[in-house]
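Observations on chain architecture
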Amino acid sequence: MNPANLKDRLEARQGDITGLSVDAIVNAANTSLLGGGGVDGAIHRAAGPELLAECRTLGGCPTGEARLTRGYRLPAGRVIHTVGPVYRGRPEDSRLLASCYACSLTLARDHGLRTLAFPAISCGVYGYPIDEACKIAVDVCAGFLEAHEVPEKVIFMLFSAAHLDVYTRCLTARVG
Ligand code: AR6
C-alpha cells in the first residue's frame, strides 16, 4: 500500500452518521445491543425496528468487541455495533477503546466493507475525553489502513464543530 494515499483514506467530517451512504457505519452501543440514547438511539430510529430484532438474536457484546448487522432502512448497508468503555481513567480504558476500533476495522475487512464511518466512540455519555479518544481512534485506524487495503476509506463523523476541530488537528499531525 502506498503510504502517500493514507491522507486520502482518512477523513473527518461534521454531521449525522445516520445519513451516510457508506458500506458500514459504526454504532457506539452498550453491552446489551438493545438500543439506547445518543448515536445508538439515532441509528435504531433511522434503521427501523428490524435492526432491534436482529440485535436481539446476537446475545449482547462485551466491551471492546464488535458485532455486524444489516443496515435496514439506513443508507449504509451494514452496522458494526461496538461497545466502548465507560471512562474512569484506568489503563484498561485506552486498551478497550483501541480494541473497539481494531475489532470494527477487522470485521469490515473480513466482510469486504470498503467504506466505513465511525462516531466518537465513548465520547458522549461514557465520558471519554475527546483529545485522548481521538488520538487512539486516529492511531488505530491509520495503522490498520497502512497494513490493509480494506477498508479503503474511513470517515470520522463528528457531531460537533469542537470535536471536528480536535480530529482535524490530530489527523494533520498523524497523516499530514
Ligand atoms: N451522528 C454522529 N455522532 C453522534 C450522533 C449522530 N447522529 N449522535 C450523537 N453523536 P454517545 P457513548 C455523538 O453518548 O459515549 C448510548 O445510550 C455524540 O455527540 O452516543 O459511546 C448507548 O446505548 C458523541 O460525541 O455514545 C450506550 O449506553 C458520540 O456520538 C452509551 O450511549 C458518542 O456519544 C454509549 O455511550
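Below is a short write-up of the structure. Just so it is clear, the structure is predicted and the values come from calculations on it, not from any experiment.

What follows deals with the sheet that holds strand β4 (residues 78-83). Spatially, β1-β6-β5-β2-β4-β3 is the arrangement adopted by the six strands of the open sheet, whose pairing is mixed. Among the strands making up the open sheet, the edge pair consists of β1 (10-14) and β3 (66-70). Pairs of neighbouring strands in the sheet enclose a mean axial angle of 25°, with direction left out of account. Note: strand β2 (residues 24-29) against β4, six bridges, orientation parallel. Looking at β4, one finds that Ala 29 is bridged to Val 83. Relative to the sheet, helix α2 (residues 38-47) contacts β2 and β4, its axis offset from that of β2 by approximately 130°. Sitting on the sheet, helix α5 (residues 130-147) is in contact with β1, β5 (115-118) and β6 (153-158), with an inclination near 165° to β6.

Bringing unusual backbone geometry into the picture now. Cis geometry is found at the peptide bond from Val 150 to Pro 151, where omega equals 0°. Residue position: Pro 151 is located in the loop between α5 and β6. Residue Leu 33 is not a glycine yet carries a positive backbone phi of 60°. Considering the arrangement of structural elements, one finds Leu 33 in the loop between β2 and α2.

Rules behind the numbers
- Residues numbered from 1 in each chain as written.
- Predicted model: local features only at pLDDT ≥ 70, side-chain atom pairs only at ≥ 80, totals over all residues.
- Heavy atoms only, no water.
- Pairing = 2+ DSSP bridges.
- Helix = DSSP H or I, 4+ residues; strand = E, 2+ residues; numbered from the N terminus.
- Axes fitted to C-alpha atoms, helices over the stretch in contact; angles between N-to-C directions.
- Contact = heavy atoms within 4.5 Å.

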